[in-house]
Amino acid sequence: MKTEIFVSKINFLRVVDENGNADESLFPKDLDSGTLVRMYRLMLLSREFDAKVLSLQRQGRAVTYAPLLGEEATQIGSALAMRPSDIFVPSFRQHGVFIARGMPMDIMLVYWRGYEEGNIIPKEVNGTPIIVPVSTQLPHAAGMAFAQLYNKTGASVLVYVGDGGTSEGDFYEAINFAGVWRLPLIVIIENNQWAISEPRSRQTASQTLAQKAVAAGIDSIQVDGNDVIAVYSATRDAILSGKPTVIECITYRMGLHTTSDDPTKYRTDSELEAWKQKDPISRMKKYLESKNLWNEEMEKKAAAEDAALIDNAVETAEKFKPNPRSIYEHVYSYMPETLKEELDEAEANNFWQGVTE
Amino acid sequence: MMANMVTAINNALEQIMTENEKIVLLGEDIGIDGGVFRVTEGLINKFGERRVIDTPLAESGIIGASIGMALSGMHPIPEIQFAGFMFLGFGQLINHASRFRSRTRSTMSLPMVVRTPVSGGVRTLEHHSDSPEAYYSHIGGLIVVEPSNPYDAKGLLIKASRMNDPVIFLEPTKLYRLFKQEVPEEMYEIPIGKANLIREGEDLTIITYGTMLHEVTSVVKKKNLNADVIDLRTINPIDEAAILKSVRKTGRVAIVHEASLSFGVGAEIAARIADKAIFDLKAPIVRVGSASLPYPFPGYENYHIPNEAKISKAIDRLMTS
């Protein structure tokens, strides 16, 4: 006997198209005009913040930085779908998620100045720090989701990973745990088409990244990641379902992998130009304008407000004074004698005198 | 009660879980099977599947999920089935467990105890007999503990479970059922970071831990040595004060461990002694370890692990130089 025992399908969701036209039948009912404007404002703010850090890095005032340019809709749509009790677990490019969740930008900038104190996240932000080794945050998120079940909090955990990250073992281990334990875990794949120089086609022969969830026995969907409404809708549905879900957001890294990267070496201008036509911010702007929720005057006012907020944050962040003792003081819950001796030696002999960044 | 190390650890886990509801156990075959060494035997009956969790086979996932649980206010005690399999979770331990506290300036911490059987001498298949303590000690941020007897195993595990740090708890497979000793029924702590001077003497100091303690004790008795014997119990942070105190008294020191000789715990201790007490020494420091190579197949392991002859010869060299 030989018979078909399993078939699967992956849906693609887009609510607002590149011209700003919405499919009203798919439009989330809970989105009021205030929230729609807030979404747009946060995308603008994220892009401005991004441009500022890039500029600071070029001036030697920030360390290597991974820009989010082009990925604003994926980040803001998913972040705003979270309830305050839901927890987010970022990778290293989710500046928009941090901003949307109320992370003070000056603290974020302390991280990008190169100090651990930039990982001090206010409790109400309800997220974990930036994680650099690709995909290693996925098992953490699974464990955190387990804790939500264990403590019956009702909260979900949203974890972010890139297209390259889906090739890592930790990605699969985590979604597999999520399936077995039925965890309230939502994996947002920020598929920006490039893992530094390796295109999406180098990562997997799978037609979609969403279908990787099928092997773990969990739900998944692919959405237009440059459509903030679609991302919001898919994420909100997943959160409310309480079920483990993979959401593949199709977006594009319009900028650099990091400030150490030169994309002209491996990708064409025409590809970039084609994606610029699908820019998530101009799409949402067209939609809001068509609904009379936005105009040029508001745009100017928003730009001025954002610039002031960001300048203020930079000023605060640059006032941060590092204390080298702090690298010794937080390794353990107590100070072991041998470590204290190394600290005392450094201080007693003024090894740090004159040391600069 | 008279208990071997398996019973002592099982008893400690039961008491720890009763004391603290945030504690869960997770690992491969730890539920109904009670773990491959039966260390978690019966705990699933008492605490249920919610707190004694059979996981998929995924060591990085087990350690990574434990990190997430700890970040969310739980206190996980994952079991990795064998030390060799723990290297699949090595990235999670080195990249994350070691530094989450520091990189968040103590605003987030990882209370967790990673248990795994270590070392050889019981004819297991390859990858089941590694002694990985130096790897985990080198990074900083991980507390590394290795008991040599049932009494210490219970007290160290209870102490580890009450700390707000990631602790690597290494259980020598060979000692699981080697002998029984009196272990108190009630909960008690053995301090972490403190070595145990288990035998006092004037002529030499022997520093060891884990499986080798028993070989060393046997040699000391047979040769009728007047020796300080130090059981480290905690590898990291090292109890340098206890080591230096003894070395300054005796002036002769041998360091004995089952892990490979090169780049190991012995090198660390020898360097500290050389740095701070070299003028108290009457003879060069002697190190004894397994050969500097990956752990061989079981048929060859007795040629690899230090035996009494090797330890005895090293001590002869120490006493006559």
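Residues numbered from 1 in each chain as written. Chains lettered and ligands numbered in written order. Predicted model: local features only at pLDDT ≥ 70, side-chain atom pairs only at ≥ 80, totals over all residues. Heavy atoms only, no water.

Visitor: Account for the pattern of salt bridges, naming residues and giving values.
Guide: Per the stated rule, a full pass over the model turns up 42 salt bridges over all chains. The salt bridge involving K319 of chain A is made with E315 of chain A; its shortest N-O contact spans 4.0 Å. Taken together, the positions of K319 of chain A and E315 of chain A, both in helix α12 (residues 296-319) and four residues apart, correspond to about one turn of that helix. K319 of chain A gets classed as exposed once you look at its relative accessible area, which sits at 56%. A relative accessible area of 49% places E315 of chain A in the partly exposed class. The shortest N-O distance in the salt bridge between E171 of chain B and R115 of chain B comes to 2.6 Å. Residue E171 of chain B is located in strand β7 (residues 166-172), and its partner R115 of chain B is located in strand β5 (residues 112-118); the two are separated by 56 residues in the primary sequence. (Salt bridge = Lys/Arg side-chain N within 4 Å of Asp/Glu carboxyl O. Helix = DSSP H or I, 4+ residues; strand = E, 2+ residues; numbered from the N terminus. Buried < 20%, exposed > 50% of the residue type's maximum accessible area, 1.4 Å probe, protein only.)

Visitor: An account of the sheet that holds strand β2 (residues 87-89) of chain A is requested, with residue identities and associated values reported.
Guide: Residues and elements named next belong to chain A. Spatially, six strands are ordered β1-β7-β8-β4-β3-β2 in an open sheet, and the strand pairing comes out parallel. Each edge of the sheet is formed by a strand with only one pairing partner; in this case those strands are β1 (12-13) and β2. In terms of strand pairing, β1 meets strand β7 (residues 219-224) through two bridges, oriented parallel. Looking across to β7, one finds that L13 is bridged to V223. Strands β2, β3 (157-162) and β4 (185-191) of the sheet are contacted by helix α5 (residues 137-150), whose axis makes an angle of about 170° with β3. (Pairing = 2+ DSSP bridges. Contact = heavy atoms within 4.5 Å. Axes fitted to C-alpha atoms, helices over the stretch in contact; angles between N-to-C directions.)

Visitor: Tell me what's going on with the domain arrangement of chain A, and back it up with residues and numbers.
Guide: As far as domains go, chain A holds domain 1 (12-321) and domain 2 (323-357). Just the C-alpha atoms count here: the centres of domain 1 of chain A and domain 2 of chain A sit 37 Å apart. (Domains from an automatic or database assignment.)

Visitor: Now, about helix α6 (residues 169-181) of chain A: what can you tell me, with residues and values included?
Guide: All names here are of chain A. Between its first and last C-alpha, α6 extends 18 Å over 13 residues, near the 18 Å set by a 1.5 Å rise per residue. Taking burial as the measure, the 13 residues of α6 include 10 buried ones, the bulk of the element. Buried residues of α6: D170, F171, E173, A174, I175, N176, F177, A178, G179 and W181, and no others. Immediately beyond the C-terminal end of α6, within one or two residues, lies R182, with a positive phi of roughly 50°. (Expected span 1.5 Å × (residues − 1).)

Visitor: Go over unusual backbone geometry, please, and point to the residues and values.
Guide: Residues and elements named next belong to chain B. The step from N236 to P237 runs through a cis peptide bond, and the omega angle for that step is -5°. Here P237 is to be found in the loop between β12 (234-236) and α9 (240-250). The phi angle at N224 is positive, at roughly 55°, despite the residue not being glycine. Position of N224 among the secondary structure elements: in the loop between α8 (212-222) and β11 (227-231). Not every positive phi belongs to a glycine, and R233 is a case in point at roughly 65°. Assignment of secondary structure puts R233 in the loop between β11 and β12.

Visitor: Let's hear about the nonpolar core: which residues, and what values?
Guide: L36, L185, V187, I229 and M284 of chain A together with L232 and I273 of chain B are the most contacted members of the largest nonpolar core, which has 145 residues in total. In terms of residue count, helix α1 (residues 33-58) of chain A provides more of this core than any other element does, 11 residues in total. With near-sequence residues (within four places) excluded, I273 of chain B lies in contact with I207, I243, L244, V247, V253, I278, L281 and I285 of chain B. Counting 43 residues, the second largest nonpolar core, distinct from the first, contains I9, I16, L156 and V167 of chain B. (Core = buried A, V, L, I, M, F, W, Y, C linked by side-chain atoms within 4.5 Å.)

Visitor: I'd like a rundown of helix α10 (residues 265-277) of chain B, residues and numbers included.
Guide: An α-helical turn contains 3.6 residues, so a residue and the one three or four places further along point in the same direction. All names here are of chain B. For α10, built from 13 residues, the straight-helix expectation of 18 Å at 1.5 Å per residue is met to within 8% by its first-to-last C-alpha distance of 18 Å. Those residues of α10 that fall on the buried side of the exposure criterion are V265, G266, I269, A270, I273 and A277. Viewed end-on, α10 has its buried residues packed into an arc of 130°, placing them on one side of the element. Where α10 is buried, its residues touch α6 (133-138), β10 (204-208), β12, α9, β13 (253-260) and β14 (286-290). (Arc of directions from axis to C-beta.)

Visitor: Which residues make up the sheet that holds β11 of chain B, and what values go with them?
Guide: Residues and elements named next belong to chain B. The mixed open sheet is built from five strands, whose spatial order is β9-β11-β10-β13-β14. Across the chains shown, the open sheet's two edge strands, defined by having one partner strand only, are β9 (196-199) and β14. If you compare each strand with its neighbour and ignore which way they point, the axes differ by 25° on average. Here α10 sits on the sheet in contact with β10, β13 and β14, set at roughly 155° to β13.

Visitor: Before we move on, could you go through the interface of chain A and chain B and cite the residues and values that matter?
Guide: Each partner contributes residues to the interface: chain A has 40 residues there, and chain B has 50 residues. Carbon and sulfur atoms supply 59% of the area buried between chain A and chain B, which totals about 3600 Å² over both sides. Taken together, chain A and chain B are joined by four salt bridges. Notably, a salt bridge pairs K276 of chain B with E341 of chain A, separated by 2.3 Å at the nearest N-O pair. Counting across the interface, chain A meets chain B through 21 residue pairs in polar contact (both at pLDDT 80 or more). Secondary structure elements with two or more residues in the side of chain A that touches chain B: α5, α6, α13 (326-329) and α14 (337-348) of chain A. Of all the elements, α5 of chain A adds the most residues to the side of chain A that touches chain B, at eight residues. Among the residues making up the side of chain A that touches chain B, the classes are represented as 19 nonpolar, 13 polar and eight charged. (Buried area = accessible area lost by both parts, 1.4 Å probe. Polar contact = N/O pair within 3.5 Å; in protein donor to acceptor, adjacent residues only side chain to side chain. Nonpolar A, V, L, I, M, F, W, Y, C, P; charged D, E, K, R; others polar.)

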